[in-house]
Amino acid sequence: LLLPRRQLSGSMSASNQYASYWLTLPKLGQAASLIAEGRRRMVMKLKRAPNRELKRNHLETNARGGMAGPFHVRDLLARGIVKIISTANGQFIRLVRDT
């Protein structure tokens, strides 16, 4: 669904009066809120963990709310909120900064 973003000055014709458009999809707002909720839950789980870190496998499989666990882990990594610590026991996710 394309919605007009802004209207230009009156010098344009009626058929070409909009310079750009917003792209939107049905239920996109609901998906964005689910992502934010899942991100918040993972950060809270890491804040409560000893040393502010948990095993990656545990964090991905026990994720609740929002999207799938691996999605939220990658989202937090991309935002720089967490980092991966590789050990002999496996990969751990450590909280770097609070949101």
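Structure's up top.
Attention now goes to the environment of Leu59. Mapped onto the elements of the fold, Leu59 is located in helix α2 (residues 56–61). Its relative accessible area of 1% is what places Leu59 among the buried residues. Residues Leu59 and Met42 lie 17 residues apart in sequence; the distance between their C-alpha atoms is 7.8 Å. The residues contacting Leu59, other than those within four sequence positions of it, are Met42, Lys45, Leu46, Leu54, Val73 and Ile93.

Let us look at the sheet that holds strand β4 (residues 82–87). Across the sheet, three strands lie side by side as β3-β5-β4; this open sheet has antiparallel pairing. Both outer strands of the open sheet, β3 (53–55) and β4, are each paired with one neighbouring strand and no more. Averaged over all pairs of adjacent strands, the angle between their axes in this sheet comes to 30°, without regard to strand direction. Inspection of the sheet shows β4 paired to strand β5 (residues 90–95) by six bridges, in the antiparallel sense. When the sheet's bridge partners are listed, Ile85 is paired in β5 with Phe92. In this fold helix α1 (residues 28–48) packs onto β3, β4 and β5, with an angle of close to 95° to the strand it touches most, β5.

Strand direction decides the pairing type here: β3 and β5, joined by three bridges, are antiparallel. Paired with Glu53 across the strands is Arg94, a residue of β5. Where β4 folds back on β5, the antiparallel hairpin that results is connected by two residues.

This paragraph deals with the pattern of salt bridges. Under the counting rule described, the total for this entry stands at six salt bridges. For Glu37, the salt bridge goes to Arg40, with nearest N and O atoms at 2.8 Å. Of this pair, Glu37 and Arg40 both sit in helix α1, three residues apart, which is roughly one turn of the helix. Relative accessible area serves as the criterion here: at 45%, Arg40 is assigned to the partly exposed category. For Arg79, the salt bridge identified is with Asp75, shortest N-O distance 3.5 Å. On the criterion of helical spacing, the pair formed by Arg79 and Asp75 is a turn pair, its members being four residues apart in helix α3 (residues 69–79). On the basis of relative accessible area, Arg79 is assigned to the partly exposed category, the value being 44%. Residue classification places Asp75 among the buried residues on the basis of a relative accessible area of 15%.

What counts and what doesn't
Residues numbered from 1 in each chain as written. Predicted model: local features only at pLDDT ≥ 70, side-chain atom pairs only at ≥ 80, totals over all residues. Heavy atoms only, no water. Helix = DSSP H or I, 4+ residues; strand = E, 2+ residues; numbered from the N terminus. Buried < 20%, exposed > 50% of the residue type's maximum accessible area, 1.4 Å probe, protein only. Contact = heavy atoms within 4.5 Å. Pairing = 2+ DSSP bridges. Axes fitted to C-alpha atoms, helices over the stretch in contact; angles between N-to-C directions. Salt bridge = Lys/Arg side-chain N within 4 Å of Asp/Glu carboxyl O.

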